[in-house]
Amino acid sequence: MQRTKLGSALTRSARTLRLVAGGVVDKYHPLLVQIIPMRRCNLACAYCNEYDQSSKPVPLPVMLRRIDRLAELGTACVTISGGEPLMHPELDAILARIREHGMIAGLITNGLLLGPDRIARLNQAGLEYLQISIDNVAPDAVSQKSLKTLDRKLQHLAEHALFHVNINSVVGAQLGNRQDPVIIAKRARDLGFSTSIGVLHDESGQLSPLSASEAAVYDEVVRLGQGVYTRINDFQRNLIAGRPNNWHCRAGARYLYVCEEGLVHYCSQQRGKPGIALLEYSREDIRREFYSVKDCAPLCTIGCVHRASTLDELRPSELVRRYRSAQKAPHGAPDVAAGHEAV
Ligand code: SF4
Ligand code: SF4
């Protein structure tokens, strides 16, 4: 039977809800894993510390074994990232394996290699979510990920993709024209995509300060947005206003970052911790990291880890912890040590 956009969207929503429900029932499995099949990228954005220009793709059998291990750990959603994952010659087989296990399949790409045929093959492989980050309206010395370069690709996606497309834009000191994120978000909305906005972080995942005009742009893009990506922006608003967040980062448990060497890290900006091979990563490791406290949490800007940790923020024991923490720190400073409490 031929898949349609509406049918795909309904199936995707139902599966996502089922996996969220599973996340409520069992605390000790990953909700979101970002995995790198290739560190190499066909661009060289000036702010990026997540790519190289020479490495080879991870061989398919190695990638499939890693995907199988994620399924054994009970992972809900696997997002393939890079470098540029569309440069991996066997990306479709990796996506298909994720779907065979019943996990949700996502992709973060710079979009340069997308065309009608490539999109059709991604449909065929079972891709469910795709995100492109666009940095500016016209390319400059900092970034080539521009609306001008990518607009034709976005039109192809609007026409052919059966998967959900989200367009992310970024505010931050290094990026050119202040109004660019608004122009990008409006174009994405016109094409029927959801939008999100992030805050440019430094090399340890922390906030680079924003000006008042950048904060206003942030608010406008959030207002334009739709979909799950824009509904959890309070933490970024706090950071923009200079307030730390009182949250428990569940990296290493609810969120894993698996590098091209097959090691589990907290996130792209905290590599080396815990630095354990995925094939040896166990439920005990997940349980330990669920409760471990990350000193970088109060000023962290990594949105996907905030989202993966959100479900557990709503548990009664976590609400009690936050209440006690607020009582101890009346001026809003987070009581980080309180995060050691069992949830
Ligand atoms: S396209 Fe993405 S991975 Fe490649 S250099 Fe730019 S930000 Fe880094
Ligand atoms: S708080 Fe968590 S997601 Fe943020 S930088 Fe630290 S380890 Fe990474």
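Residues numbered from 1 in each chain as written. Chains lettered and ligands numbered in written order. Predicted model: local features only at pLDDT ≥ 70, side-chain atom pairs only at ≥ 80, totals over all residues.

Draft legend 1. Spotlight on the packing of helix α2 (residues 60–72) against helix α3 (residues 91–100). Two numbers describe how α2 lies on α3: the axes approach to 10 Å, and their chain directions differ by 20°. In terms of orientation, α2 lies roughly parallel with respect to α3. Relative to α3, α2 is oriented so that their crossing is right-handed. Of α3, the residues touching α2 (which contributes Leu 60, Met 63, Leu 64 and Ile 67) are Ala 93, Ile 94, Arg 97 and Ile 98. Looking at the contact of α2 with α3, its residues break down into seven nonpolar, no polar and one charged. (Axes fitted to C-alpha atoms, helices over the stretch in contact; angles between N-to-C directions. Helix = DSSP H or I, 4+ residues; strand = E, 2+ residues; numbered from the N terminus. Parallel < 35°, antiparallel > 145°, perpendicular 65-115°, else oblique. Left-handed = near helix turned anticlockwise from the far one by under 90°. Contact = placed C-beta atoms within 7 Å. Nonpolar A, V, L, I, M, F, W, Y, C, P; charged D, E, K, R; others polar.)

Draft legend 2. Spotlight on the pairing of strand β3 (residues 104–109). Of all six residues that make up β3, six are buried, and the element is covered over most of its length. The alternating pattern of β3 places Ile 104, Gly 106 and Ile 108 and Ala 105, Leu 107 and Thr 109 on opposite faces, both of which are buried. Bridging between strand β2 (residues 77–80) and β3 involves four bridges; their strand directions are parallel. Bridge pairing in β3 places Val 78 opposite Ala 105. (Buried ≥ 20, exposed ≤ 12 C-beta atoms within 10 Å, placed from the backbone. Pairing = 2+ DSSP bridges.)

Draft legend 3. Expanded view of the site of ligand 1. Around ligand 1 lies a shell formed by Cys 41, Leu 43, Ala 44, Cys 45, Cys 48, Glu 50, Tyr 51, Gly 82, Gly 83, Glu 84, Asn 110 and Lys 145. By residue class, the composition of the shell around ligand 1 is six nonpolar, three polar and three charged. (Near = placed C-beta within 6 Å.)

Draft legend 4. Broad picture of unusual backbone geometry. A cis amide bond links Gly 82 to the next residue, Gly 83, at an omega of 20°. With respect to the element layout, Gly 83 can be found in the loop between β2 and α3. Geometrically, the link from Lys 273 to Pro 274 is a cis peptide bond, its omega value of -10° lying close to zero. You can see Pro 274 is positioned in strand β9 (residues 274–277).

Draft legend 5. Inspection of the nonpolar core at higher detail. Counting residues in each nonpolar core, the largest one holds 76 residues, and the members touching the most others are Val 78, Phe 163, Tyr 255, Val 258 and Val 305. Those residues in contact with Val 258 that lie beyond four places of it in its chain are Val 33, Ile 35, Ile 36, Arg 66, Val 264 and Leu 278. (Core = buried A, V, L, I, M, F, W, Y, C linked by C-beta atoms within 7 Å.)

Draft legend 6. Structural view of the sheet that holds strand β1 (residues 32–35). Taking strand neighbours across the sheet as the criterion, the nine strands line up as β6-β5-β4-β3-β2-β1-β7-β8-β9 in an open arrangement whose pairing is mixed. Each of the sheet's edge strands pairs with one partner strand only, and the pair in question is β6 (194–199) and β9. Taking the axes of each pair of neighbouring strands and ignoring which way they run, one obtains an average angle of 25° across the sheet. Helix-sheet contacts for helix α7 (residues 212–224) involve β5 (164–171) and β6, and the interaxial angle to β6 is about 155°.

Draft legend 7. Representation of the packing of helix α6 (residues 180–190) against α7. Running from N to C, α6 and α7 point in directions that differ by 5°, and their axes come no closer than 9 Å. By the angle class used here, α6 and α7 are roughly parallel. Contacts between α6 and α7 involve Pro 181, Val 182, Ala 185, Lys 186 and Arg 189 from the former and Val 217, Glu 220, Val 221 and Leu 224 from the latter. Its residues placed into classes, the contact of α6 with α7 shows six nonpolar, no polar and three charged.

Draft legend 8. Examining helix α5 (residues 147–160) more closely. In a regular helix each residue adds 1.5 Å, so 14 residues correspond to 20 Å; α5 covers 19 Å between its end C-alpha atoms and thus fits that length. For α5, the principal kink sits at Lys 153 and spans about 25°. Buried within α5 are the following residues: Leu 147, Leu 150, Leu 154 and Leu 157. Buried residues along α5 sit in contact with α4 (116–125), β4 (129–134), β5 and α6. (Expected span 1.5 Å × (residues − 1). Bend = angle between axes of the 7 residues up to and from the residue.)

Draft legend 9. Looking closely at the environment of Lys 56. With respect to the helices and strands, Lys 56 occurs in the loop between β1 and α2. Residue Lys 56 is classed as exposed on the basis of its C-beta count, with 10 C-beta atoms lying within 10 Å. In this structure, the C-alpha to C-alpha distance between Lys 56 and Arg 40, residues 16 residues apart in sequence, is 7.1 Å.

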